[in-house]
Amino acid sequence: MEVYLDNSATTRPSDAVVAAMMDAMQTHWHNPSALYRPALEAEKLVRAARETCLKAAGAQGHRMIFTSGGTEADNIAILGHLRTVRKPGRVLISSVEHPAVSACVQELERLGHRAEVIPVTRTGVIDLARLEDMLDEDVRMLCVMQVNNESGAIQPIAEIAALRRARCPEAAIHVDGVQGFLRVPMDFGRLGIQSYAFSGHKLHACKGIGGLILRKEHRVQPIVYGGGQEENYRSGTENVPGMIGLGEAVRTYPAGGPAEMMARKKRLWNGLREAVPGAVLNGPALEDPACAPHILNVSLPPVRSQTMLFALEGDGVYVSAGSACASHKQKVSGVLTAMGVPAQLADCALRFSLCPGITEEAIDYTVAMVKKHYDMLQKYVRR
């Protein structure tokens, strides 16, 4: 049996997406910036995909830029906006952000801003009391993710937006929604955030496509220059198959997917606790409203995560030891460290990430394989 539980790294493109992209490549391959009929038909399909994404995020009437993925979307949102800010100030970034956000620090500091880290609690959720103390009129931007890619913690975006309105109303809020879009609710229009990034290959679309939603009045400068596509925010000939595929992925994402994944996640956690009594949950408790339905981070001491990962691979179970977005770099998780997880537990952590369609049989097989290898490997750990 083969069980893929690394969906936070990437997902298999759905059959509907593959079919839509094949049709786009075979029939609607024309440049949508041209003026003849086939090009206008391609542009119409791109426009429909854009509207599908905006509607799914509760952002009708706002703007959306198609990007190459979540990393580019985050960079445009952060650096593109800070280039419009005349008076440098402080930029607050949560301590558990993805490198697509945290690695912008050097460039934003080159622009004259100062980066400061927002601490999180032991469950990986932003410490609102500490954040409130950090907010003043000198803050220019806050960067927080919707769902953490390692712990599955849902961040309190509405509460953060309320604090911003009270303490620094001129500051912008950028939300990295790569792990949240479609899996947890998002109402962009009501939240009062300024920008929201997401990625196609986390949603059963293809790699190389994503989106950035911007509030109508929010100012952003381009960071790539050229022919002025995407309303001059992101120049370059449009990736029509990717855009159409992303729209189809969003349109066909199962409405019951989050509830189904949460049921499987509970089954997985309960099975792991029974199989390994010493298992430790890293992140919110499953009954906590801050718990996302698709990511489960568990330490299985004393077995190191890499050892268990490779053992499971031999039985066709694919999981992760953390984020897969750092070019095969392997070190103790910065996210778990920021959460206060002891190094010896962080070194034994596995991330199981689900998608709609995961069966109970697959979950039970995974638990059985974890138990099999744990019972053997724990005997050979160096003391």
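It should be noted that the structure appears before, not after, this text.
What you are looking at is a predicted structure, and each value in this text was computed from that prediction instead of being measured.

### Observations concerning the overall build of the protein
Then step 1. Regarding its fold elements, the protein presents 14 helices and 12 strands.
Then step 2. Compactness check: the protein gives a C-alpha radius of gyration of 21 Å against a globular reference of 21 Å for 383 residues, within 12% of the reference.
Then step 3. Along the three orthogonal principal directions, the C-alpha set of the protein runs to about 65 × 55 × 30 Å.
Then step 4. By the burial criterion, 57% of the 383 residues in the protein qualify as buried.

### Here's the deal with the sheet that holds strand β9 (residues 280-281)
Then step 1. Across the sheet, which stays open at both edges, the 3 strands sit in the order β9-β10-β12 with antiparallel pairing between neighbours. Each of the sheet's edge strands pairs with one partner strand only, and the pair in question is β9 and β12 (349-353).
Then step 2. Note that strand β10 (residues 295-299) and β12 share 5 bridges and pair antiparallel. Within β12, the residue paired with L296 across the bridge is F352.
Then step 3. Docked against the sheet, helix α10 (residues 257-275) engages β9, β10 and β12, running at close to 10 degrees with respect to β10.

### So, empty space enclosed by the protein
Then step 1. For the coordinates displayed, the defined rule picks out 2 cavities of 30 Å³ or more.
Then step 2. Roughly 40 Å³ of volume is contained in the largest cavity.
Then step 3. Of the pockets and cavities examined, the second largest cavity occupies roughly 30 Å³.
Then step 4. Forming the walls of the second largest cavity are S151, K265, L281, N282, G283, P284, L286, C291, I295, L296 and N297.
Then step 5. Looking at the lining of the second largest cavity, the element that brings in the most residues is β10, giving 3 residues.
Then step 6. Residues belonging to the lining of the second largest cavity are distributed by class as follows: 6 nonpolar, 4 polar and 1 charged.

### So, the packing of helix α11 (residues 305-313) against helix α14 (residues 360-377)
Helix-helix packing: each pair is described by the crossing angle between the helix axes and the interaxial distance.
Then step 1. Running from N to C, α11 and α14 point in directions that differ by 130 degrees, and their axes come no closer than 10 Å. Considering their axes alone, α11 and α14 lie oblique with respect to each other. The two elements α11 and α14 meet at a crossing, and its hand is right-handed. The segment α11 lies against α14, with T307, M308, A311 and L312 engaging M369, V370, H373, Y374 and L377.

### Quick notes on the pattern of salt bridges
Then step 1. All chains considered together, the criterion is met by 20 salt bridges.
Then step 2. Notably, a salt bridge pairs R90 with D136, separated by 2.9 Å at the nearest N-O pair. With a gap of 46 residues between them, R90 in strand β3 (residues 90-94) and D136 in the loop between α6 (128-134) and β5 (139-145) connect regions that are remote in the sequence.
Then step 3. D375 serves as the salt-bridge partner of K371, at 3.2 Å between the closest nitrogen and oxygen. Of this pair, K371 and D375 are both found in helix α14, 4 residues apart, which corresponds to roughly one turn of the helix.
Then step 4. Judged by its relative accessible area of 38%, K371 falls in the partly exposed class.
Then step 5. Linked by salt bridges that have partners in common, R264, R267, E360 and D364 make up one network.

Basis of the calculations
- Residues numbered from 1 in each chain as written.
- Predicted model: local features only at pLDDT ≥ 70, side-chain atom pairs only at ≥ 80, totals over all residues.
- Heavy atoms only, no water.
- Helix = DSSP H or I, 4+ residues; strand = E, 2+ residues; numbered from the N terminus.
- Rg over C-alpha atoms; globule rule 2.2 N^0.38 Å.
- Buried < 20%, exposed > 50% of the residue type's maximum accessible area, 1.4 Å probe, protein only.
- Pairing = 2+ DSSP bridges.
- Contact = heavy atoms within 4.5 Å.
- Axes fitted to C-alpha atoms, helices over the stretch in contact; angles between N-to-C directions.
- 1 Å grid on protein atoms, 1.4 Å probe; cavity = no way out; pocket = protein on both sides within 12 Å on 5 of 7 lines; lining within 4 Å.
- Points joined across faces, edges and corners; volume = space filled by probe spheres on them.
- Nonpolar A, V, L, I, M, F, W, Y, C, P; charged D, E, K, R; others polar.
- Parallel < 35°, antiparallel > 145°, perpendicular 65-115°, else oblique.
- Left-handed = near helix turned anticlockwise from the far one by under 90°.
- Salt bridge = Lys/Arg side-chain N within 4 Å of Asp/Glu carboxyl O.

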